[in-house]
Structures are given as structure tokens and as C-alpha cells.
Amino acid sequence: MSRYDPSVIEPKWQEAWAEAQTFRAVRSHDKPKYYVLEMFPYPSGRIHIGHVRNYTMGDVIARYKLANGFNVLHPMGFDAFGMPAENAAMAIGGHPKDWTYSNIDTMVAQMKPLGFGLDWSRMFATCDPEYYGQQQALFLDFLKAGLVYRKNAVVNWDPVDMTVLANEQVIDGKGWRSGAEVERRELTQWFFKISDMSGELLEALDGLDDWPAKVKLMQANWIGKSRGLQFAWSLIDGPDGFDRIEVYTTRPDTLLGASFLGISPDHPLARQLEKDNPEVAAFCAECRKVGTSEEALEKAEKLGFDTGLKVRHPFDTAWELPVYIANFILMDYGTGAIFGCPGHDQRDHDFCVKYGLPIVETFLPLDGEIDIQAAPFVPPKGDKVRFTRLLAGQEVQTGDEAVDAAIAICEENGVGHGVTKFRLRDWGLSRQRYWGCPIPVVHCDACGVVPEKKENLPVELPYDVSFDTPGNPLDRHPTWRDCACPSCGKPAKRETDTMDTFVDSSWYFARFTAPRAETPTNMAEADYWMNVDQYIGGIEHAILHLLYSRFFARAMHICGHLPEKSKEPFNALFTQGMVTHAIYQTRNAEGRPVYHYPETVDLRDGKGFLKDGTEVEIIPSAKMSKSKNNVVDPVAIIEQYGADTARWFVLSDSPPERDVEWTASGAEAASKHLGRVWRIAAEVAASDAGASDNDQALLREMHKTIDEVTKGVESFGFNAAIAKLYAFTNTLSKSKAGAAAKRQATRTLAQLMSPMTPHLAEDIWAMLGGEGLIATAPWPVADPAMLVEDTVTLPIQVNGKRRGEITVPKDMDKAEVEKLALAEASVQRSLDGAIPKKVIVVPGRIVNVVI
RNA sequence: GCCCGCGUGGUGGAAUGGUAGACACAGGGGACUUAAAAUCCCUAGGCCUAUGUGCCGUGCCGGUUCGAGUCCGGCCGCGGGUACCA
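Residues numbered from 1 in each chain as written. Chains lettered and ligands numbered in written order. Predicted model: local features only at pLDDT ≥ 70, side-chain atom pairs only at ≥ 80, totals over all residues. Heavy atoms only, no water.

Asks: When you look at the overall build of chain A in this model, what are you seeing that I'm missing?
Replies: Across its full length, chain A carries 27 helices and 36 strands. In terms of overall dimensions, chain A has C-alpha extents of about 100 × 85 × 65 Å along its principal axes. Counting only residues that meet the buried cut, chain A has 54% of its 851 residues in that class. Partitioning the contacts of chain A with sequence separation of at least 6, the portion at a separation of at least 24 is 71%. By element, 50% of the accessible surface of chain A is carried by carbon and sulfur atoms, the whole surface being about 37,500 Å². (Helix = DSSP H or I, 4+ residues; strand = E, 2+ residues; numbered from the N terminus. Buried < 20%, exposed > 50% of the residue type's maximum accessible area, 1.4 Å probe, protein only. Contact = heavy atoms within 4.5 Å. Areas by Shrake-Rupley, 256 points an atom, 1.4 Å probe, with all protein chains shown as cover.)

Asks: Looking at this structure, how should I read the sheet that holds strand β2 (residues 71–73)?
Replies: Adjacent strands of a sheet form backbone hydrogen bonds with each other and so pair up, either parallel or antiparallel. Reading across from one edge, β2-β1-β25-β26 is the order of the four strands in this open sheet, with parallel pairing throughout. Across the chains shown, the open sheet's two edge strands, defined by having one partner strand only, are β2 and β26 (573–576). With direction set aside, neighbouring strand axes in the sheet form an average angle of 15 degrees. As paired strands, strand β25 (residues 534–538) and β26 are joined by four bridges and run parallel to one another. Paired with Ile536 across the two strands is Phe574, which belongs to β26. Lying on the sheet, helix α2 (residues 49–67) is in contact with β1 (33–38), β2, β25 and β26; it crosses β1 at an angle near 175 degrees. (Pairing = 2+ DSSP bridges. Axes fitted to C-alpha atoms, helices over the stretch in contact; angles between N-to-C directions.)

Asks: Honestly, unusual backbone geometry in this entry has me stumped. Any pointers?
Replies: Glycine aside, residues mostly have negative phi, and peptide bonds are mostly found in the trans state. Residue Pro458 is bonded to the preceding Leu457 through a cis peptide linkage, with omega at -5 degrees. Tracing the sequence through the fold places Pro458 in the loop between β21 (448–451) and α13 (478–481). The omega angle of the peptide bond from Met530 to Asn531 is 5 degrees, so this bond is cis rather than trans. With respect to the helices, strands and loops of the structure, Asn531 is situated in the loop between α16 (523–529) and β25. A positive phi angle, close to 55 degrees, is found at Met162, a residue other than glycine. Tracing the chain through its elements places Met162 in the loop between β3 (148–158) and β4 (163–165).

Asks: How should the protein's contact with RNA strand B be read in this particular structure?
Replies: RNA strand B sits among 67 residues. The nearest are Asn167, Arg433, Asp653, Asn730 and Asn848. Counted by atom, the contact set of RNA strand B within 4 Å of the protein is 60% sugar and phosphate. Within the side chain of Asp79, one N or O atom sits 2.7 Å away from a sugar or linking oxygen of RNA strand B. A distance of 2.7 Å separates a phosphate oxygen of RNA strand B from a polar atom in the backbone of Glu168. (Near = heavy atom within 4 Å. Polar contact = N/O pair within 3.5 Å; in protein donor to acceptor, adjacent residues only side chain to side chain.)

Asks: Where do I start with the sheet that holds β21 in this structure?
Replies: Here four strands make up an open sheet; going across it, the order is β21-β20-β23-β22 and the pairing antiparallel. What marks the edges here is a single partner per strand, and that holds for β21 and β22 (482–484). Going from strand to strand, the sheet's axes swing by 45 degrees on average, the running direction of each strand aside. Judged from the four bridges that link them, strand β20 (residues 441–444) and β21 form a sheet pairing that is antiparallel. The residue bridging Cys444 from the neighbouring strand is Gly448, located in β21.

Asks: Looking at this structure, I do not really get the UniProt feature "short sequence motif: 'HIGH' region" (unreviewed entry) in chain A. What am I missing?
Replies: The feature "short sequence motif: 'HIGH' region" (unreviewed entry), as given by UniProt, occupies residues 41–51 in the numbering adopted here. Helix makes up 27% of residues 41–51 and strand 0%, with an end-to-end C-alpha separation of 8 Å. (UniProt positions renumbered as here; feature names shortened; annotations may be inferred.)

Asks: Can you walk me through the pairing of strand β8 (residues 225–236) in this structure?
Replies: For a regular strand, the rule is simple: side chains alternate between the two faces of the sheet. Here β8 pairs with strand β17 (residues 417–422) via six bridges, running antiparallel. Residue pairing across strands places Gln230 opposite His417, the latter belonging to β17.

Asks: What am I meant to see in helix α17 (residues 544–558) here?
Replies: Along an α-helix, a turn takes 3.6 residues, which lines up residues three or four apart on a common side. If you check α17, its first and last C-alpha atoms are 21 Å apart, about what 15 residues at 1.5 Å a residue would give, namely 21 Å. Summarising burial for α17: 12 of the 15 residues are buried, a large majority. Every buried residue of α17 is accounted for by His545, Leu546, Leu547, Tyr548, Ser549, Arg550, Phe551, Phe552, Ala553, Arg554, Ala555 and Met556. Once α17 ends, the next one or two residues include Gly560, with phi positive near 80 degrees. (Expected span 1.5 Å × (residues − 1).)

Asks: Before we go on, may I ask you to explain helix α3 (residues 83–92) in this structure?
Replies: What α3 keeps buried is the set Met83, Ala85, Glu86, Asn87, Ala88 and Ala89. Next to the buried residues of α3 lie α4 (96–111). Looking one or two residues past α3, Gly93 carries a phi angle of roughly 80 degrees, positive in sign.

Asks: How should I be thinking about the pattern of salt bridges in this particular structure?
Replies: Opposite charge on two side chains permits pairing when their charged atoms draw close. Applying the stated rule across the entire model yields 33 salt bridges. Between Lys289 and Glu181 there is a salt bridge, with its nearest N and O atoms 3.3 Å apart. Taken as a pair, Lys289 in the loop between α9 (278–287) and α10 (294–299) and Glu181 in the loop between β6 (174–175) and β7 (183–192) lie far apart in primary sequence, 108 residues in all. According to the relative accessible area criterion, Lys289 is partly exposed, its value standing at 30%. Note that Arg288 and Asp266 form a salt bridge whose closest N and O atoms lie 3.3 Å from each other. Placement of Arg288 in the loop between α9 and α10 and of Asp266 in the loop between β10 (260–263) and α8 (268–276) is noted, with a sequence separation of 22 residues between them. (Salt bridge = Lys/Arg side-chain N within 4 Å of Asp/Glu carboxyl O.)

Spelled out as C-alpha cells, the structure:
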């Protein structure tokens, strides 16, 4: 008998699928459609184990749905623009385009042997001019629809390299290459008006029943709807044109506990003051040395600068408060100005202690003493408290109730008005980089900003650029940059900013429905294939990518590129956990981290050493990331054991939503198991037909396995489904059933395994004389009658501790079960003569005797 | 800092509020073999006064419940996101 040899059977069956066009998605109305999509990869160079995990999960769903009679769309492409290509060009020479396409070729070549049921005919990369040209058309439509505008915004500026830095490129406030202290710089940039849709993006989350609750919660918090008071403080002796400061607060109930007014270093008043006050200028400059990321701002030491200016309290004109410039106030949220109430906020309390400002309470607990000077009083939302100033004497719940009451009083007194605000900011899409989709507009001295004409799309990236000097090479490319104004025809200049790569990934799912259409989408195709029935990807995309895509789908609907039903484009979402691996790092002479590949590190006694003996610092578990050199290459496993082993292994090892620390051990075990299944099948195929008394037991187990595996696949419980398949394989191999029953069980086993190990399954199917391809054979259905047992074994607890068990007919009534349970010898011993107070019988589950 | 998760044997993990540790990996023992590989069988949470009707046990502390890995409150640790990494 020959052996299981994946290197022979895998190419053979891949060829068979290609020939039969098994995974080609064709629009036809004779079957229901099913669109399954995994988040497409960035072409970093080689696939890694996280890709294998992601695409195998999607493939299981795709193949399962195919077997269930669906017309399946399961496409693949590449999210191909982005910084790494430019970094590679700078580091090792070459061109971002060549680097990217060569990586794509490599990765496709690595993915094909995995046998994914993909419709490769639909593949594209976002850096294909055919794709980004359509994206430019979308941009122009959005512009026309009023969904795009320009405004000033700050970026990280590296004063040595004279270039804009991404947040990732700012390390401890310094540029990653130059090491120079980063500055903030203001540029005019393009924005999508996503904030206009804050309300509907928030409300529509409710309808996404098949999304993980945690993702909806994260999105809701990110959108951040709040009810608050917007009002003005009058400024005493302010600079010309500044006689008031607008403040938005979500805590108007603490207004009479205010101790200071704080404004952002980017607030117009701060900008004015720094013009002729060097101290203010120095302070603001210091604030701007922190990067632009929220994390950096929030973690930085809270600093304030007393401007010497005072404002009058709106409720008491004699009450004057100091105005501080503070580094923790964001210009982008609210009005860029806050009031500080140290009595009920930890940050404000710290600030007032630091700068010697008064601390007063505005409400007290209903009972008990507090020392407001020592610590702020911050009760949980909804707790009732007694107000002492505004709302004096009233007992009100903190949170909504107090806020609404405070707003009402303020409005009555002519102090501002209640407003609803969202935390969500508009989406800045301008990037000062080469390797992205050019923004299709032209700057004309006479006409201003002019959209490019659609017939001139795509505005293609020039190839002849160099990365010898930092900065955006488009800025230095005269023949590309200089052009004729689309409106008046006079000499003008192209916009040299390109689009954020999130734009590219915000509509690719729609493009897959008609990847070669001459418009962004084809409505007939979009109407048939959309929505994505199952979207699968990493939890790290829970907020940005998914929110931007939701916005884009709405905007595309407004512009007539998607049907109404696609305003929410992803019906169901599954967020897989990440494959993590330790990071090994050392520091260079400047103290910046240097990362080392796992294969270059020797691990001894929990410590890691390089070949030259240098000890490395081990960061135990982190997302696999090319920039951190902790990526594990799965190709070795595929070459050694085959695709089915790699697929089986990544699915069997851990629950798909959980992060998994990568270990190489276990792949061998998976391979052995597949070999065993193949051997069993070969034996069964060689045996003669016949029946036996043991047939029923095997078939009963088979139906239970069908049931459990089906439920497992439906609910992404792949690891549990595989555990059941292991158990059934054991049952089958030990079974004394006749050859006919074994043959039926083995065929079913192959079918249940086919989404996970499709090549092996096809081979067994063929061995056992299955008709056609197993990939398109109808999925087995469990017979409900075979799932029910006649008897059931019930554990018996005494006071919650297991003391014995009884086996009874499954429909025996409660009283009878109770009688039998109490009569049990072990129970009698435990009772030791005590009279049970209560006996709880949960039918089919458990008996608990309480004494 | 803030938002969201996660935490179960040596390891990966299983468990609609109902027998904690299914199914595997690594380990130990055995069969087959001259030997090895391959294969097959057995074993396996910890502790103890150890073959018992024993005790402990799902990060820590507390609560709800006849019953908690699961629900609630408070901690600790780890991970993701934090708007220019994708």
C-alpha cells in the first residue's frame, strides 16, 4: 500500500479544481449567493503564519458554503500602497513599484500551493492604475457631493530630514532616522466629512447583529456621542479680537467648582499670545515637541502655563479665573478650551495641586466625609449625590441626570446652550508621500483648486523618481507636477499629496464584485454580490479600517456606486486573534531599538543570545510585524508537510478569535494525523462490503460528528470541530463495524474534513468512489433521530459536590429521578442520615441534593 | 492616560450557570523490531496520613446562586487600538 504523500496529491487536486473552475464566481440567479472575504494582505514580501490562519478560516467558510449549494464569491487582492515600499527603496535602493509587484508575485506563489478556493481571476492590487484611477473617480464624485474639503491640520515634522513623519516614525518624540526632536507643523490638507455621519454611523451599529459586541462597543466609544454645554467666558483685557473664550463641557454640573480655564497650545488665543510673548512662545514650542498622537499627548506630563489673563465666571462676574495654556488639551475636540474642576476630576486635581489653584466641591456624598483637598470626589456614574452650589441642596444622580439639570439651569440663566457633540474627527486623507494614490486635483493661480477631468484619469504616478533625498519626490518632479489647468488651460501645478492607504482599503470589497469595470463599480454586479456575507480579519482593524469602510459604503451609495442595502457593507464580521511572537531587540549606539529575527537568536534558560554572544532583550509576545522582525515564515512547514497539514494545524491549535503565540511544534503531529486518516481510508477502500452488529454505534457517532462539526464551522469553532474529528477518527479506527458502514463513515469523515484539508479529502473521496469532486458534493446532514440517546447519565451532587451518578432513561420524570438519586449508595453515605432540605433535578443534566 | 479584550495542567486548549481539564502536543511506561524509524496500546491537574466515601484547584480578593471557569464588584498581569503602521 502506498503512503500519504501531499507533494503528489496536492498539485493534482489543485489542477482538478482549476480545470473544473470550481471556485470561479459567476453571477447567476439559480442559487443563493455568498460573499466571503478576508482582509486583503499588505505585500510585505512573504506570507506569514497569520496570513495562513486568516485565509484558511475564510477558505473553510467558502468551501463549506459551496458544499451547501451557494454561489460563492471568495476573492483575493493586495493592499499595495504604503510606507514600507518607500522605506525599502530608501534602505536598499530600487523602486517602490518594483519592490511591491515583486512581493506580490512572491506571495501569490506562496499562497497558491495552500489550495485556497479563491477566484484568482478577480485579483487586483490597489497600486494598479486601473484600481486607483477608479478611486480617483470616487474622490471626484465625493468632492462634487460635498463629502470632501480642505483645511489646515498639524503633522509631525522632522526638521533635519525636512519631511513629514508618520506617528510610527516618531520614537520618544524624535524622528526615527534623524533622531531630531519632532516639531508640529500645520499644512493645508484634504478631509473626508466623516463627522457629518457620526450620528448614523453610531445608530447603525445597532443593526449589525452578526458583528462582535466588542467591536461595536469600540466603534461607539470612538464615535463618542456626548451631551454637554457650550458657553462663553468673557476675557478681561484680552488681545485685540479676543473678548471671550468658548468652552464645551460634558460636566456643566461642576461649573461652580471651576478653578481655571485651559486652552490648547494650538488655540487661536495661544497663537496670538505667542506672537509677542517669548515665554508663551517657548512654552507652546515645548508642547509641540510632543508628537501628534493622542497616546503621546495623554501620557506626557501635564504642563500648564499661566498666561496672566483672567476670565469672568458666567454665573458671577466678580469671580475671576486664570487662563492657562495646557499641553493636554486637544484643539481638535470641542472648542480647544476647557474649564478645570479639581474637585471631581483626577487630572484637574493634579493640575491645581501643582499650580496652587483652589479646590472646591460642587457635590458631596449622601453620607460620609470626604477630603476634597486630598483627592477629587469622583463617584460612579448614576450614584446619587447632594449638590452644594449649582443645583444646591438637590439630590441628583451623577451623569445624564445631573448634566441635563445643569444644562437647563444654564440655559435659563442665558449661559450657553446644550449641544450634542461627537468625538469622531474628520478623516484627513492627505499624505506627503509618493507611493499612494495621487489626489486628482490641480492648483491653478487663476482658478484655485480645480478637480481633474474624469476622462484624464487615472492621474498616474510617474516612475522616474528617486529616494536619495528625504521628502516627497512628487514635489521635485517638474514634468509630472507641472500641468495645464483643467479649467482655463493655463500652466498649473498638480496636487502632490497622495491619499491615505486606508482609502484604498475602504472600498476594495465593492470593487471585487466587478474588478475590471470601467466605473468604480458595476451596479448589477454590486447589487447581486453585495453585501459581504462574512468578513474576516484581525481585531487590530476594529476601529479605523472598519469605520472608514462603513463611511465609504455610505458615501458610495450617495454617489450611486452602491445600492441602498450596502450602506452597511459587512453583514457579519469575525475578528480573528493575532499570531504573536516574541520580539528580540538590542539597542544601537543612539539607544534606539534594533530588532533580530527569531532564527538568529539562541534561547537558553529563558534568555536570548545572538551568535556573537550578545544578550537580547525579549519582549514576550507581540503582534507579528515586519518592522519588528518577529515574523514566522510558514513556507518551511508547507514544504515539509504539505498545505493540508499547515491548514489543519493553524485551525486546530487554538480558538480563532484568540491571539496565539506561535510555536513550531505540533505541525508534525498534525501531519501524522492526516497520514493516519489516509491509511484508514485506504484500508476501508480495500475491504469488501458487509454488515455487522456494530454498524449502528458507528453510524450514530457519525451523525453526532456531522452535527458537531457543522455547528463548529458555522460558529467559527474550528478547533472544537477538529477535536471532534480526531475523536471520530479514533472511533472509526477502533470500530468493529462492517465494511459498508465503515465506508459510509469514512466518506463522511472526508466530507467533514474537506473544508480544512481539501486535498486529502478529494483523494479519499476518489479512493472510495465518490462522484465528482468532494468540493462540490452536498454537505452531509445529520439525522436528528440518530442524535438522541435513550438513556442519560446524571451526576449527583450533595451540597454542590459530586458524590455519585445514576443512569436513567432520558425522559424519566423528575420525581422518579429524585427517588433513584436519593437511593444511591454513595449519596446515602454522604447524607449520613441527614434529611435533604431540597433536591434540585435538572432533567438531562444534574441532580443536586441540598442538606 | 483613555477605550476594548484576554488570563484554565508542563504546553495548545474543551466546557448552553450543571461531572473542570474533552481533543491534542510534549512526557512516562509497554508492544512490534537484531536495532531504529514508522505504527499500535496504556498512563497522566496538584497535594496528602496516597488503592480514599480524602483535600485543594480555572490570575488575586469579595459577592450572587442549590450550583460559578462562566454572572456582578474591586484588583493584578498581558495584548490590541489610540486617528500618518497596515
